[in-house]
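# Geometric and topological summary
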Amino acid sequence: MSVGKIHSIQSLGTLDGPGVRFVVFTQGCNLRCGCCHNPDTWECGAGKEYTPEQILSRVVRFKEYFGQDGGITFSGGEPLLQADFVRDVFELCHGEGINTCLDTSGSILNNSVKDLLDHTDRVLLDIKYTNDEDYKKYVGCGIKSPLEFLNYLNQKHIPTTLRQVIIPTKNDSDENALELKRIAQAHECVDKVELLPFKKICQVKYDNMGIEFPFGRLPEPTRERMTELEEILK
């Protein structure tokens, strides 16, 4: 029986995939993004233990709220670090007719992850930057990893939403938006692109943990700039 390490659970979320979602935030992350909102999920091995059956028993209580589009989303942390566990949960959820969604950096692609994707209805894939230099400097991996992951999603015809947090002075240029648009158009599995404004409400988490928020001195993007970038994507 697989066991997962879970940071937290949100019973009725509306920002983590289509419709109303039961959102499970896994504990542990292999990256260190400068804009990370959840540094408390980094440590592997921490968190509360759940079996797939325990997660399912909680999900089904909210099934009536999901409607046609909603379901369960695994986020993090990085859920790909616990791919076998997430796969087992998704398989049980499919048995109950519950839609499955995976929110990920796409930084890992191995046989366990591929097995998980066989039970995944939609992927929310973070394309954090559109060049290798920024990926290595501000994320901790190269751009090759998420692009290989995206190529596999395209090969398997898994519906995909590309997401990017817009960070002033880092990736808020017209050139970045155009390259993100090009990446989306080159992969038929991508049916939606979402731009999310960089927020600093997580500063208190860093302060409580006694660590520096790498992007704490950067401004949040204006609504006008977000609109301009969204127009480029159209």
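Look above for the structure.
Since the structure is predicted, the reported quantities are computational estimates derived from the model, not experimental observations. (Residues numbered from 1 in each chain as written. Predicted model: local features only at pLDDT ≥ 70, side-chain atom pairs only at ≥ 80, totals over all residues. Heavy atoms only, no water.)

## What to know about the overall build of the protein chain
Each helix and strand in the protein chain was counted, giving nine helices and eight strands. A globule of 234 residues ought to have a C-alpha radius of gyration of about 17 Å, and the protein chain, at 17 Å, matches this closely. If you line up the protein chain on its principal axes, its C-alpha atoms span 45 × 45 × 35 Å. Within the protein chain, the proportion of its 234 residues that are buried is 50%. Summarising the internal contacts of the protein chain: among those between residues at least 6 apart in sequence, 69% fall at separations of at least 24. For the protein chain, the distance from the average site of its 27 positive side-chain charges to the average site of its 35 negative ones is 2 Å. (Helix = DSSP H or I, 4+ residues; strand = E, 2+ residues; numbered from the N terminus. Rg over C-alpha atoms; globule rule 2.2 N^0.38 Å. Buried < 20%, exposed > 50% of the residue type's maximum accessible area, 1.4 Å probe, protein only. Contact = heavy atoms within 4.5 Å. Lys, Arg positive; Asp, Glu negative; His and termini not counted. Charge placed at Lys NZ, Arg CZ, Asp CG, Glu CD.)

## Re the packing of helix H1 (residues 52-59) against helix H3 (residues 83-95)
Running from N to C, H1 and H3 point in directions that differ by 45°, and their axes come no closer than 9 Å. Taken together, the axis directions place H1 and H3 in an arrangement best described as oblique. H1 and H3 meet at a crossing whose hand is right-handed. Residues Pro52, Glu53, Ile55 and Leu56 of H1 form the contact with H3, whose participating residues are Phe85, Asp88, Val89, Leu92 and Cys93. For the contact of H1 with H3, the class distribution of residues is seven nonpolar, no polar and two charged. (Axes fitted to C-alpha atoms, helices over the stretch in contact; angles between N-to-C directions. Parallel < 35°, antiparallel > 145°, perpendicular 65-115°, else oblique. Left-handed = near helix turned anticlockwise from the far one by under 90°. Nonpolar A, V, L, I, M, F, W, Y, C, P; charged D, E, K, R; others polar.)

## Concerning the layout of surface pockets
Within this model, the largest pocket holds a volume of roughly 1,200 Å³. The wall of the largest pocket is formed by 43 residues, among which His37, Asn38, Ser75, Asp103 and Leu196 lie closest to the centre. Per-element accounting of the lining of the largest pocket gives the leading share, four residues, to strand E1 (residues 4-13). Here the lining of the largest pocket is composed, by residue class, of 17 nonpolar, 16 polar and ten charged. (1 Å grid on protein atoms, 1.4 Å probe; cavity = no way out; pocket = protein on both sides within 12 Å on 5 of 7 lines; lining within 4 Å. Points joined across faces, edges and corners; volume = space filled by probe spheres on them.)

## Quick notes on the nonpolar core
A general tendency of soluble globular proteins is for nonpolar side chains to be buried together. Counting residues in hydrophobic clusters, the biggest one holds 64 residues, and the most contacted among them are Ile72, Phe74, Leu117, Leu153, Leu162 and Phe215. If you tally residues by element for this core, the top one is H3, at six residues. Beyond its immediate stretch of four places on either side in the chain, Ile72 contacts Arg21, Phe22, Val24, Ile55, Val59, Val89, Phe90, Cys93, Ile98, Asn99, Thr100 and Cys101. (Core = buried A, V, L, I, M, F, W, Y, C linked by side-chain atoms within 4.5 Å.)

## Describing the pairing of strand E8 (residues 190-197)
Of the pairings in the sheet, the one linking strand E7 (residues 160-166) to E8 comprises seven bridges and is parallel in character. Bridge pairing in E8 places Thr160 opposite Val190. For the segment spanning E7, helix H7 (residues 174-185) and E8, crossover handedness is right-handed. (Pairing = 2+ DSSP bridges. Right-handed = clockwise from strand over helix to strand, strands pointing away.)

## What to know about the packing of aromatic side chains
Counted under the stated rule, the structure contains eleven aromatic pairs. Taken together, a centroid distance of 5.4 Å and an interplanar angle of 70° make the contact between Tyr138 and Phe215 edge-to-face. Linking Tyr138 in helix H5 (residues 132-138) with Phe215 in the loop between helix H8 (203-209) and helix H9 (223-233), this pair joins segments that are 77 residues apart in sequence. Exposure remark for Tyr138: the relative accessible area of 14% places this residue in the buried category. With 6.1 Å between their ring centres and 40° between their planes, Phe198 and Phe213 make a pair best called tilted. Placement of Phe198 in the loop between E8 and H8 and of Phe213 in the loop between H8 and H9 is noted, with a sequence separation of 15 residues between them. Phe213 shares its class with Phe198; the two are buried. Through a chain of ring-to-ring contacts, the aromatic side chains of Trp42, Tyr129, Tyr135, Tyr138, Phe198, Tyr206, Phe213 and Phe215 assemble into a single cluster. (Phe/Tyr/Trp six-rings, centres within 6.5 Å; stacked < 30°, edge-to-face > 60°.)

## Let's talk about the side chain of Thr51
As for its placement among the helices and strands, Thr51 is situated in the loop between strand E3 (48-50) and H1. Using a relative accessible area of 16% as the deciding quantity, one classes Thr51 as buried. Excluding its chain neighbours within four sequence positions, the residues that come into contact with Thr51 are Met1, Ser2 and Phe85.

## Side note on unusual backbone geometry
For residues other than glycine, phi is negative in most cases, and the peptide bonds are mostly trans. Going from Gly76 to Gly77, the amide bond is cis rather than trans, its omega being 10°. Inspection of the secondary structure assignment puts Gly77 in the loop between strand E4 (71-75) and H3. One non-glycine residue with positive phi stands out, namely His157, at about 60°. You can see His157 is positioned in the loop between helix H6 (144-156) and E7.

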